[in-house]
Amino acid sequence: MKNLTFCLLLLSWMGTSAQRKISWPHHKKAVIVLTYDDALNSQLDKAIPQLDVHHFKGTFFLTGELNSITIPKWRAAAKNGHELANHTLFHPCLSATMPDNPANAAERYSIYQIIREIYTMNNFLYALDGKGGRTYAYPCTETEVGGKSYVDSLRKSGLIKYARVGGDVEAVVTDFKKLDPLRVPSYGLDENTSAVKLIAFAKRVEKSGGMGIFMFHGIGGDYITTSTEAHKELLNYLAKNRKDLWVATFQQAMDYITRANKGK
Ligand SMILES: [Zn+2]
């Protein structure tokens, strides 16, 4: 009888811990999200064609750095299933982080200004792709302007469903109950990160059963550049392991997690 009680206790404990883990679609083991910041030309010219080879969809955090040549290209990318997301209009950062953008120094911004900028960029994105339910990435991964956090103001504004912050290779999400949808960590890549390192992160995510978000900038050009070869090797690895790894956009992955957290 004692043994039976113990077994029942053990089973109920296993049940509770199992609920914390997410069952990914189609019995996949983990989810990988590929994100690209700053509306860079090399993303249009190099990253998107490479993603399209494997029918993978990326998330592109755009700023207002768009023009008559790039707008039709981003529009075509959105039509093809890539996610266009919000990264503000003018990319305000602390002067210490980004000295070459003094007109948009984050230390001189008010919370009202940044929220208004995110609102306007949302409308800009709507004009591009006609979609709602926008996601966001904090410029320079800074969650403050004028020395104050704007995370809760952004939450209250209802403009943004999910927002990405920074992090390093340790930024693998496994505790989804505790995950703040407006502070989702990611792996911000250094200049010229090797394919070996990129794949090692994907393997780490797979082992964890969680979610791993890559934060790319330039691909084979622009800045904080990942080479086209390294990017291609990572995509080849993800394609080879399609059975176990779900490659989703930021919004798709977070929508899935939100539903799973609600038990739906
Ligand atoms: Zn940026």
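Residues numbered from 1 in each chain as written. Predicted model: local features only at pLDDT ≥ 70, side-chain atom pairs only at ≥ 80, totals over all residues. Heavy atoms only, no water.

Draft legend 1. Structural view of the packing of helix α6 (residues 195-208) against helix α7 (residues 228-240). Remark: α6 packs on α7, axes separated minimally by 8 Å, with the N-to-C direction vectors making an angle of 30°. By the angle between their axes, α6 is roughly parallel relative to α7. α6 and α7 meet at a crossing whose hand is right-handed. Contact residues: A195, L198, I199, A202, K203 and E206 in α6; A230, H231, E233, L234, Y237 and L238 in α7. Tallied by class, the residues present in the contact of α6 with α7 amount to eight nonpolar, one polar and three charged. (Axes fitted to C-alpha atoms, helices over the stretch in contact; angles between N-to-C directions. Helix = DSSP H or I, 4+ residues; strand = E, 2+ residues; numbered from the N terminus. Parallel < 35°, antiparallel > 145°, perpendicular 65-115°, else oblique. Left-handed = near helix turned anticlockwise from the far one by under 90°. Contact = heavy atoms within 4.5 Å. Nonpolar A, V, L, I, M, F, W, Y, C, P; charged D, E, K, R; others polar.)

Draft legend 2. Region of the structure containing the coordination of the zinc ion. Coordination of the zinc ion by the protein involves D38 (OD), H87 (NE2) and H91 (NE2), with metal-donor separations of 2.1 Å. You can call H87 buried: its relative accessible area is 1%. (Donors = N, O, S within 2.8 Å, 3.2 Å for Na, K, Ca; no water. Buried < 20%, exposed > 50% of the residue type's maximum accessible area, 1.4 Å probe, protein only.)

Draft legend 3. The arrangement of the pattern of salt bridges in detail. For the structure shown, the criterion picks out 10 salt bridges. Sharing partners across several salt bridges, the network here consists of D152, R155, D180 and R183. (Salt bridge = Lys/Arg side-chain N within 4 Å of Asp/Glu carboxyl O.)

Draft legend 4. Region of interest: the nonpolar core. Grouped together as the largest cluster of nonpolar side chains are 41 residues, with contacts concentrated most on L34, L62, F214 and L238. Apart from the residues within four sequence positions on either side, L238 is in contact with I32, L34, F56, A202, L245 and V247. Membership of the second largest hydrophobic core comes to 20 residues, among which are V33, Y162, F176 and L179. (Core = buried A, V, L, I, M, F, W, Y, C linked by side-chain atoms within 4.5 Å.)

Draft legend 5. Layout of the environment of V33. You can see V33 is positioned in strand β1 (residues 30-37). Relative accessible area serves as the criterion here: at 0%, V33 is assigned to the buried category. It is 8.8 Å that separates the C-alpha atoms of V33 and K57, two residues lying 24 residues apart in sequence.

Draft legend 6. Main features of the packing of helix α2 (residues 41-53) against helix α3 (residues 70-79). Here α2 crosses α3 at 40°, and the two axes come no closer than 10 Å. The angle between α2 and α3 places the two elements in the oblique class. Classified by chirality, the crossing of α3 by α2 is left-handed. Residues N41, Q43, L44, D45 and I48 of α2 touch α3, and the partners they reach there are T70, K73, W74 and A77. Its residues assigned to classes, the contact of α2 with α3 shows four nonpolar, three polar and two charged.

Draft legend 7. A look at the pairing of strand β11 (residues 245-248). Burial along β11 is two-sided: the face carrying L245 and V247 and the face carrying W246 and A248 are both buried. Both β1 and β11 contribute to a ladder of four bridges, which runs parallel. Looking across to β11, one finds that V31 is bridged to W246. (Pairing = 2+ DSSP bridges.)

Draft legend 8. Local environment of α2. Taking 1.5 Å as the rise per residue, α2 with 13 residues should run 18 Å; its terminal C-alpha atoms sit 18 Å apart, in good agreement. Maximal helix bending in α2 amounts to about 35°, located at A47; proline P49 follows within four positions. Looking at α2, one finds that the buried residues are S42, Q43, L44, A47, I48, Q50 and L51. Looking at the buried residues of α2, the elements they touch are β1, β2 (59-62), α3, β10 (211-216) and α7. (Expected span 1.5 Å × (residues − 1). Bend = angle between axes of the 7 residues up to and from the residue.)

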